[in-house]
Amino acid sequence: RQWLDRDTVTEIIQTVLFAVASVVGSILLLGTVDWRIAAGLLVWMIAYGFLIRHYMPRIRTRSKARASARAMVTGQVVDTVTNIKTVKLFAHHDHEDRAALNSMDSYRKRFLEFGYVSVAFRFWLMALAGILPVLLVGGALRYWTLGVISAGDIAATGAISLRLAQMTGWAS
């Protein structure tokens, strides 16, 4: 069990450090291309941070509620099946059905609440991920037409923007 915890912590640290190194390296590289493109990435990162800050508490709350409701359904079913002879002898049929249906209805509601917030989060996350290449490559093309940067700078900007856009999915 201890090695599992150590491996999990190591994996999380490596992932976070890789993400931070990728973002810092991207900002530095884009800064050598043109400071305005790097500034565009910084503005995008701020928007990304606000999106995460807005949705993560909501997702966490609804996820806990969904897990609790699921545990209630599982407990209700396991309890009934485990004590089926006692239930058949002494329980009121309508009461047992009502209790099971109520717990399933509660689970369905919590599941849908979680689903709504999860879909909204993923939608805005993917929209933000799609904006990044448009923002950075569009800016690079604009500065190329002005003669400020080279075609190689556009290629580097495109590669960086696509990689960072792909990494946005790590939060979901």
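As a starting point, this report considers the structure included with it. (Residues numbered from 1 in each chain as written. Predicted model: local features only at pLDDT ≥ 70, side-chain atom pairs only at ≥ 80, totals over all residues. Heavy atoms only, no water.)

**Considerations on the overall build of the protein**
- The helix and strand inventory of the protein stands at five helices and zero strands.
- Along its sequence from the N terminus, the protein presents helices and strands in the succession α-α-α-α-α.
- In terms of overall dimensions, the protein is more spread out than a globule: its C-alpha atoms have a radius of gyration of 25 Å, far above the 16 Å expected for 172 residues.
- Counting only C-alpha atoms, the protein reaches 85 × 35 × 20 Å along its principal axes.
- Counting only residues that meet the buried cut, the protein has 26% of its 172 residues in that class.
- Of the contacts formed within the protein by residues at least 6 apart in sequence, a portion of 79% connects residues at least 24 apart.
- In the structure as shown, the protein presents an accessible area of about 11,600 Å², 66% of it carried by carbon and sulfur atoms.
- In the protein, 19 side chains carry a positive charge and 11 a negative one; their mean positions are 4 Å apart. (Helix = DSSP H or I, 4+ residues; strand = E, 2+ residues; numbered from the N terminus. Rg over C-alpha atoms; globule rule 2.2 N^0.38 Å. Buried < 20%, exposed > 50% of the residue type's maximum accessible area, 1.4 Å probe, protein only. Contact = heavy atoms within 4.5 Å. Areas by Shrake-Rupley, 256 points an atom, 1.4 Å probe, with all protein chains shown as cover. Lys, Arg positive; Asp, Glu negative; His and termini not counted. Charge placed at Lys NZ, Arg CZ, Asp CG, Glu CD.)

**Here's the deal with the environment of Arg163**
- In this structure, Arg163 sits in helix α5 (residues 151-167).
- Considering only alpha carbons, one finds Arg163 and Leu146, 17 residues apart in sequence, at a separation of 26 Å.
- Those residues within four positions of Arg163 in sequence are excluded, and the remaining contacts are Phe18 and Trp170.

**Observations regarding the pattern of salt bridges**
- Tallied over the entire structure, the rule returns three salt bridges.
- For Asp105, the salt bridge goes to Lys109, with nearest N and O atoms at 3.3 Å. Here Asp105 and its partner Lys109 are both found in helix α4 (residues 93-145), four residues apart, which amounts to about one turn of the helix.
- Asp105 sits in the partly exposed class, given a relative accessible area of 34%.
- Residue class for Lys109 comes out partly exposed when judged on its relative accessible area of 41%.
- Of the charged contacts in the structure, one is a salt bridge between Arg110 and Glu113, with a shortest N-O distance of 3.3 Å. Here Arg110 and its partner Glu113 are both found in helix α4, three residues apart, which amounts to about one turn of the helix.
- The class for Glu113 is partly exposed, based on a relative accessible area of 33%. (Salt bridge = Lys/Arg side-chain N within 4 Å of Asp/Glu carboxyl O.)

**Quick word on the layout of surface pockets**
- In this structure, the largest pocket encloses a volume near 250 Å³.
- Lining of the largest pocket is provided by 13 residues; of these, Ala19, Val23, Tyr48, Met167 and Thr168 occupy positions nearest its centre.
- Of all elements in the fold, only α1 (2-33), α2 (35-82) and α5 reach the threshold of two or more residues within the lining of the largest pocket.
- The residue inventory of the lining of the largest pocket, partitioned by class, reads eleven nonpolar, two polar and no charged. (1 Å grid on protein atoms, 1.4 Å probe; cavity = no way out; pocket = protein on both sides within 12 Å on 5 of 7 lines; lining within 4 Å. Points joined across faces, edges and corners; volume = space filled by probe spheres on them. Nonpolar A, V, L, I, M, F, W, Y, C, P; charged D, E, K, R; others polar.)

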